[in-house]
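Tertiary structure, described
Spelled out from the first residue to the last, the chains are:
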Amino acid sequence: MTSQDPTTAQGSTPVVELVGAGFAYEDGPAVLSGVDFAVAEGRAIALLGRNGSGKTTLLRLLSGGLRCGSGSLRLDGAEVAYDRRGLTRLRTTVQLVVQDPDDQLFAASVAQDVSFGPMNLGLPEEEVRLRVSEALEALDIVALADRPTHLLSYGQRKRAAIAGAVAMRPRVLIMDEPTAGLDPHGQERLLDALRRLREGGTTVVMATHDVDLALRWADEAAVLAPSGLHTGPVADLLADDALLAAARLRRPWGTAVARLLRAHGLLGAGAAEPRTPEELDAFTGALVTE
Ligand SMILES: Nc1ncnc2c1ncn2[C@@H]1O[C@H](COP(=O)(O)OP(=O)(O)OP(=O)(O)O)[C@@H](O)[C@H]1O
Ligand SMILES: [Mg+2]
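Rules of the game
Residues numbered from 1 in each chain as written. Chains lettered and ligands numbered in written order. Predicted model: local features only at pLDDT ≥ 70, side-chain atom pairs only at ≥ 80, totals over all residues. Buried ≥ 20, exposed ≤ 12 C-beta atoms within 10 Å, placed from the backbone. Helix = DSSP H or I, 4+ residues; strand = E, 2+ residues; numbered from the N terminus. Pairing = 2+ DSSP bridges. Right-handed = clockwise from strand over helix to strand, strands pointing away. pLDDT = per-residue confidence, 0-100. Contact = placed C-beta atoms within 7 Å. Axes fitted to C-alpha atoms, helices over the stretch in contact; angles between N-to-C directions. UniProt positions renumbered as here; feature names shortened; annotations may be inferred.

Turning our eyes to something else, we now look at the pairing of strand β7 (residues 172-176). With five of five residues buried, β7 lies mostly within the body of the structure. Going residue by residue along β7, you find Val-172, Ile-174 and Asp-176 tucked away on one face and Leu-173 and Met-175 tucked away on the opposite face as well. In terms of strand pairing, β7 meets strand β8 (residues 203-207) through five bridges, oriented parallel. Residue Leu-173 lies in a different strand from β8, and its bridge partner there is Val-204. With respect to chirality, the unit in which β7 leads through helix α7 (residues 184-199) into the neighbouring parallel β8 is right-handed.

Below, the discussion takes up the pairing of strand β3 (residues 44-48). The element β3 is extensively covered by neighbouring structure, given that four of its five residues are classed as buried. Relative to strand β9 (residues 220-225), β3 runs parallel, the two being bridged by four bridges. Among the inter-strand pairings, Ile-45 is bridged to a residue of β9, identified as Glu-220.

Residues with a pLDDT of 70 or more make up 96% of the chain, whose mean pLDDT is 92. Residue range residues 1-10 is modelled with pLDDT below 50. Its contacts to residues more than four positions away, or to other chains, number 22 contacts.

Moving on, we come to the sheet that holds β3. Strand pairing within a sheet occurs via backbone hydrogen bonds; the two strands may be parallel or antiparallel. Strand order in this open sheet of six strands is β6-β7-β8-β3-β9-β10, and the pairing throughout is mixed. If you trace the sheet from one side to the other, it starts and ends with β6 (94-97) and β10 (228-233), each paired once. Between one strand axis and the next, the sheet turns through 15 degrees on average, direction left out of account. Here β9 runs beside β10; their pairing, made up of six bridges, is antiparallel. Residue pairing for β10: Ala-225 is matched across the bridge by Gly-228. The sheet contacts of helix α2 (residues 55-62) involve β3, β6, β7, β8 and β9, and relative to β7 the element is tilted by about 155 degrees.

Mapped onto the elements, Glu-41 comes out in the loop between β2 (30-39) and β3. Taking the C-beta count within 10 Å as the criterion, Glu-41 has 17 such neighbours and is therefore assigned partly exposed. When the C-alpha atoms of Glu-41 and Gly-201 are compared, they prove to be 8.1 Å apart, with 160 residues separating the residues in sequence. Not counting residues within four places of it along the chain, the set of residues in contact with Glu-41 comprises Ser-12, Val-15 and Thr-203.

Another point: the UniProt feature "domain: ABC transporter" (unreviewed entry) in the chain. Mapped onto the present numbering, the UniProt feature "domain: ABC transporter" (unreviewed entry) falls at residues 16-251. Taken end to end, residues 16-251 has its terminal C-alpha atoms 29 Å apart, with 38% of it in helix and 25% in strand.

Let us now look at the sheet that holds strand β4 (residues 70-75). Ordered in space as β2-β1-β4-β5, the four strands form an open sheet in which the pairing is antiparallel. Looking along the sheet, the strands with just one partner apiece sit at the ends: β2 and β5 (78-79). Inspection of the sheet shows strand β1 (residues 16-24) paired to β2 by six bridges, in the antiparallel sense. Looking across to β2, one finds that Ala-21 is bridged to Val-35.

Shown next, in the form of structure tokens:
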């Protein structure tokens, strides 16, 4: 069901990978079955699918919080053992930020919360301090370091929760709907922070319902449809009307605009399509001055 396999596309072993993964909650029907999902180093992957399609479940399987009922989870090509050693290795590589920050934050202050993970790794105090300040800077919340977490706004709590994961310096940062509930400015700041993390080499997987965000941010998409998980380049998957209908997703504006521009001969077959209003402005500006 995988339309493009990053293993063969990039010729390298995925950092983390689900192979033939199946899962059902206790006494429940199968939520996922036969899922192949490879996360190649350096990618930005958007996971899409309707409510209840299994996005959160898939992310929890990928980060080891849930264990596959069938199939396996692999880290750097080797099957993950769900013992203490295997899970520690997984958690220092892969970090999951859950959707609701209140399920993640528990310490009295932001800095204390962010320091919890690195401290648990047994790192020296100096190293913990460095990681905390680096994570607070990455998420642009240095000014909130000493604030009680329960007094923060929702968007601030969301960024504090992400900082906690970033302080673990994961190779793969997995986020469950990180932009839900953020205002447009907060979304842009989060995308800036993710851009900086990606420049530093972090791989990012994000579940989202926002197809426009997926198109502009991700390079790869994973779409959960009744027929299974479909993966491939984001622009291809989000231009597949049959898949969008099956997954009950809306067509992104960027895809609709690109179709119109191509129909009028204004955009070449292989040319980059404008994916944001700003890119469309720049594109039309260039057309006028041509
Ligand atoms: N702890 C649980 N126990 C039993 N069933 C669960 C549990 N968590 C989720 N489910 C069920 O598993 C299915 C997949 O849920 P999941 O939360 O993975 O979907 P999702 O794609 O993340 O949805 P949403 O877009 O609403 O966040 C749903 O049918 C849900 O009711
Ligand atoms: Mg979910």
